[in-house]
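Structural overview for review
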Amino acid sequence: MKKTFSILFLSLGLLVFSQQIESFTTILNDKISIRALEVDGDKVWYSGTDSKLGFVDLKKIKNQKQIRLSELKLQFRTLAQDKDSLYAVNIESPAYFYKIDKKNLKYQLVFTDMSKAAFYDAFHFVNEKLAFAFSDTDDNRLKLTRYKNGEWSFFENKVKLNPGEAAFAASNTNIASTTKYLWIATGGKSSRILRLNFKTEEIEIFNTPFIQGESSQGMYSIDFYDDKFGVAVGGDYTKQEANVDNIATTYDGGQTWQIRASGKNAGYTTCVKIKPGSKGKEMISVGDQHISYSFDSGKTWKKISDEKGFFVCRWINGNTIVFAGKDRISVMKLKF
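Numbers given for residues are sequential positions, taken from 1 along each chain in its written order. Reporting in this predicted model follows two pLDDT cut-offs: at least 70 for local features of residues, and 80 or more for side-chain atom pairs to be given and counted; totals over whole chains, interfaces and linings ignore these cut-offs and use all residues. Hydrogens and waters are ignored; side-chain quantities use all the structure's heavy atoms.

**Some words on the nonpolar core**
Our working definition: The criterion is simple. A nonpolar core is a set of buried Ala, Val, Leu, Ile, Met, Phe, Trp, Tyr and Cys residues joined through side-chain atoms within 4.5 Å. For the exposure calls, accessible area comes from a 1.4 Å probe over protein chains only, and a residue counts as buried if that area is under 20% of its type's maximum, exposed if over 50%, partly exposed in between. Strands are runs of DSSP state E lasting at least 2 residues, helices are runs of H or I lasting at least 4, and numbering of each runs from the N terminus.
Within the largest apolar cluster, 27 residues are counted, with the highest numbers of intra-cluster contacts made by Ile34, Leu37, Tyr46, Ile284, Ile291, Phe323 and Ile329. Of all the elements in the fold, those that place two or more residues in this core are strand S1 (20-40), strand S2 (43-48), strand S24 (283-287), strand S25 (290-294), strand S27 (310-317) and strand S28 (320-335). Val126, Leu142, Leu161 and Leu182 belong to the second-largest nonpolar core, a separate cluster that totals 17 residues.

So, in structure tokens, the structure goes:
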């Protein structure tokens, strides 16, 4: 009986990892570094270096447009959206919050953070009326800028980060949310999960077994399927081949985390996204040295591409993913 089950599970393992890359097409070439993407209908929106923001139409690739939000050479590593508008904030001080109309690309400055330590790592809309942006600070306090019902303000809280605890503006994905919670992943000398309860507006802090202790280590990206199941990826950008304690999952909303595939994955990873409709079973991840896939809720991973220079990804549909990074945006179609 045991032998029969072993053969069955081996066959299933070969089956689930039998997906192939049907096509991998570059849809934008430009002198730009892109670390933030949003997908809205047939358009892929991006923000990046040199104050650039734009879109590419997935159905008509030649239909694309790019603007510059400032004459200053700002670096945008964040991008968020509601139904009608996009929002972007640059890294470094002063931090300018821009609102961009999706129809005509007209933009306006809606908020400014003049703090010398301003460095925005992620920007995320929970729903049409609520958004959060996460910034570094100079006094180890948690700094969140909140958009609520049309108003911008700093979210008051008493959370203190540990010495050397910060975050990474690697892919605009160290924030995730459901209707109940907002999660923030930190890294550096301390890599923890901060969970905001929308009902009580209280923030809980959970330790993780993730690699940490150095400024380059920790969680870089998280994604949640529901209030309970989530995944985190990261590592050490100075040691990209290192693959120990750099992937973890949670089944209790971020309170406890289990290390996955330690020593058995492709290394440093900047973005992870759960496949829509997969109930948390399937997910894709990208680092600037690899693209990897999991069919078993992040327990095991297979490298499916050695493509280099990508930092961020988004699902377009059940078999199509858009990637962006150094000087390009590309679309991958998978065949299962």
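**Side note on the packing of aromatic side chains**
This is how it is decided: Paired rings are identified among Phe, Tyr and Trp, the last through its six-membered ring, by centres lying within 6.5 Å, and are further divided according to the angle between planes into stacked (under 30 degrees), edge-to-face (over 60) and tilted (the rest). Whether a charge sits over a ring comes down to the Lys NZ or Arg CZ being within 6 Å of the ring centre and within 35 degrees of the ring normal.
Under the criterion given, the structure shown has 32 aromatic pairs. Note on Phe125 and Tyr147: the rings are 5.7 Å apart at their centroids and 50 degrees apart in plane angle, and the pair reads as tilted. With Phe125 in strand S9 (residues 120-127) and Tyr147 in strand S11 (residues 143-148), this pair connects stretches of sequence that are 22 residues apart. According to the relative accessible area criterion, Tyr147 is buried, its value standing at 12%. Ring centres of Tyr293 and Phe295 lie 4.8 Å apart, and the angle between their planes is 45 degrees; this geometry places the pair in the tilted category. Given a relative accessible area of 0%, Tyr293 falls into the buried group. Pairwise contacts between aromatic rings join Tyr87, Phe97, Phe111, Tyr120, Phe123, Phe125, Tyr147, Trp152 and Phe154 into one cluster. One Lys or Arg, Lys43, reaches over the ring of Phe55 and ends 4.2 Å from the middle of that ring. In this arrangement the basic side chain of Arg195 is found over the ring face of Tyr181, its NZ or CZ atom lying 4.1 Å from the centre.

**Description of the sheet that holds strand S3 (residues 52-57)**
So the rule is basically this: Strands qualify as paired when DSSP identifies two bridges or more between them. All axes are obtained by fitting lines to C-alpha atoms, using only the stretch in contact for helices, and the reported angles, taken between N-to-C directions, cover 0 to 180 degrees.
The strand order across the open sheet built from six strands is S4-S3-S2-S1-S28-S27, with neighbouring strands paired in antiparallel fashion. Looking at which strands have only one partner, the edges of the open sheet turn out to be strand S4 (64-68) and S27. The average undirected angle you get between the axes of adjacent strands in this sheet is 25 degrees. Sheet topology places S27 next to S28; six bridges connect them, and they run antiparallel. In the strand pairing of S28, Cys313 is matched with Phe323.

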